[in-house]
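Take a look at the letters that make up each chain.
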Amino acid sequence: MSLVEGRVCGGCVECCRFIAIDTDGLQKPSNVLCTHCSEGVGCEVYSVRPSVCSGWHCLWRSMPQLSDDWRPDISGIVIRPDDIDRNDVTFTIIDPLKRYLSEGFAQVIGMFAQAGYSVRVQFMGLPGQLPATLDLTSQLKNPVQQRHLNGVLTVLANARDGLSAFSWRSDGLGMRSDLLARSNSVET
Ligand code: SF4
Ligand code: SF4
């Protein structure tokens with residue numbers, strides 16, 4: 001998927017925070033800023049970052065239909081690219097107090113649902129907890145077909161409220177890295 005020309009991450013570092021990473025050279029828990037990321041600036045080991053990082057961009061970077069204010073740190077929502085080729089889309093809610101219960105988000109969800117995508121929302125837990133992922137495809141079917149924005153918002157509100165009964169679990173990951181050692185050996 002190609003990136004929108006001229007669109008850059010700017011001060012957003014949300015994918016370096018929310019994603020859990022467990023790969024050769026770097027382990028980090030969910031919802032914890034990577035030890036190599038500078039808040040508001042980005043990766044400080046760019047040349048030796050793992051392939052799991054270098055190959056990843058959220059869909060805001062590649063969808064011109066999304067305006068600038070859908071940048072994840074502004075909207076509070078990351079649209080994940082991971083399963084898009086399987087006609088699945090996951091909206092990771094990093095801050096439910098921003099645009100989660102907005103008509104704009106209901107319209108974005110409707111756009112994907114009408115295009116035939118399965119729709120999941122994923123809520124972040126506390127640092128080090130696995131996120132809660134909910135498949136809303138069947139619940140959204142009728143309100144999306146009827147273009148009933150309030151119906152979509154009701155489904156979203158119910159999903160968020162249902163989290164009070166969710167059993168959060170640890171992701172079992174710590175913060176470990178040998179990327180800096182690799183970086184130093186590249187420079188010498
Ligand atoms: S979440 Fe998207 S905009 Fe934010 S840093 Fe990652 S790729 Fe860039
Ligand atoms: S290695 Fe760099 S790109 Fe990867 S999570 Fe850490 S700061 Fe982000």
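Let me sum up the structure you'll find in this document. (Residues numbered from 1 in each chain as written. Chains lettered and ligands numbered in written order. Predicted model: local features only at pLDDT ≥ 70, side-chain atom pairs only at ≥ 80, totals over all residues. Heavy atoms only, no water.)

### Examining the nonpolar core
Item 1. The biggest cluster of nonpolar side chains holds 44 residues, and the ones touching the most others in it are Phe91, Phe105, Phe112 and Leu156.
Item 2. Contributions of two or more residues to this core are made by strand E5 (77-80), strand E6 (88-93), helix H4 (103-114), strand E7 (118-123), helix H5 (137-145) and helix H6 (149-161).
Item 3. Not counting the four nearest positions on each side in its chain, Phe91 is found in contact with Ile77, Val78, Ile79, Phe105, Val108, Ile109, Phe112, Val119, Arg120, Val121 and Gln122. (Core = buried A, V, L, I, M, F, W, Y, C linked by side-chain atoms within 4.5 Å. Buried < 20%, exposed > 50% of the residue type's maximum accessible area, 1.4 Å probe, protein only. Helix = DSSP H or I, 4+ residues; strand = E, 2+ residues; numbered from the N terminus. Contact = heavy atoms within 4.5 Å.)

### A closer look at the site of ligand 2
Item 1. Taken together, Cys16, Ile21, Leu26, Cys34, His36, Cys37, Cys43, Pro50, Cys53 and Leu179 are the residues near ligand 2.
Item 2. In this structure, ligand 2 is accommodated by the largest pocket.
Item 3. By residue class, the composition of the shell around ligand 2 is nine nonpolar, one polar and no charged. (Near = heavy atom within 4 Å. 1 Å grid on protein atoms, 1.4 Å probe; cavity = no way out; pocket = protein on both sides within 12 Å on 5 of 7 lines; lining within 4 Å. Sits in = over half its atoms within 2 Å of the grid points. Nonpolar A, V, L, I, M, F, W, Y, C, P; charged D, E, K, R; others polar.)

### Comments concerning the layout of surface pockets
Item 1. What the largest pocket holds in volume is close to 680 Å³.
Item 2. Looking at the lining of the largest pocket, the elements with two or more residues in it are helix H1 (15-18), strand E2 (26-28), strand E4 (42-43), helix H2 (51-54) and E5.
Item 3. Of all the elements, H2 adds the most residues to the lining of the largest pocket, at three residues.
Item 4. Taken together, the residues of the lining of the largest pocket break down into 23 nonpolar, five polar and seven charged. (Points joined across faces, edges and corners; volume = space filled by probe spheres on them.)

### As for the sheet that holds strand E1 (residues 21-23)
Item 1. Judged by pairing direction, the sheet is antiparallel, and its three strands sit side by side in the order E1-E2-E9 without closing on themselves. Looking at the sheet topology across the chains shown, the edges are occupied by E1 and strand E9 (176-177).
Item 2. Where E1 meets E2, three bridges bridge the pair, whose relative direction is antiparallel. Pairing of Asp22 across the sheet is with Gln27, part of E2. (Pairing = 2+ DSSP bridges.)

### What to know about the environment of Gly10
Item 1. Mapped onto the fold, Gly10 is located in the segment before H1.
Item 2. In this structure the C-alpha to C-alpha distance between Gly10 and Ser47, which are 37 residues apart in sequence, comes to 18 Å.
Item 3. Look past the residues within four positions of Gly10 in its chain and what remains in contact with it is Gly40, Val41 and Arg71.

### A few points about the packing of aromatic side chains
Item 1. One pass over the structure, following the stated rule, counts eight aromatic pairs.
Item 2. Ring centres 6.2 Å apart and planes at 40° place the aromatic pair Trp70 and Phe105 in the tilted group. Here Phe105 lies in helix H4 and Trp70 lies in the loop between H2 and helix H3 (72-75), a separation of 35 residues in the sequence.
Item 3. Residue classification places Trp70 among the buried positions, given a relative accessible area of 7%.
Item 4. An angle of 75° between the planes, with centres 5.4 Å apart, marks the rings of Tyr100 and Phe123 as edge-to-face. (Phe/Tyr/Trp six-rings, centres within 6.5 Å; stacked < 30°, edge-to-face > 60°.)

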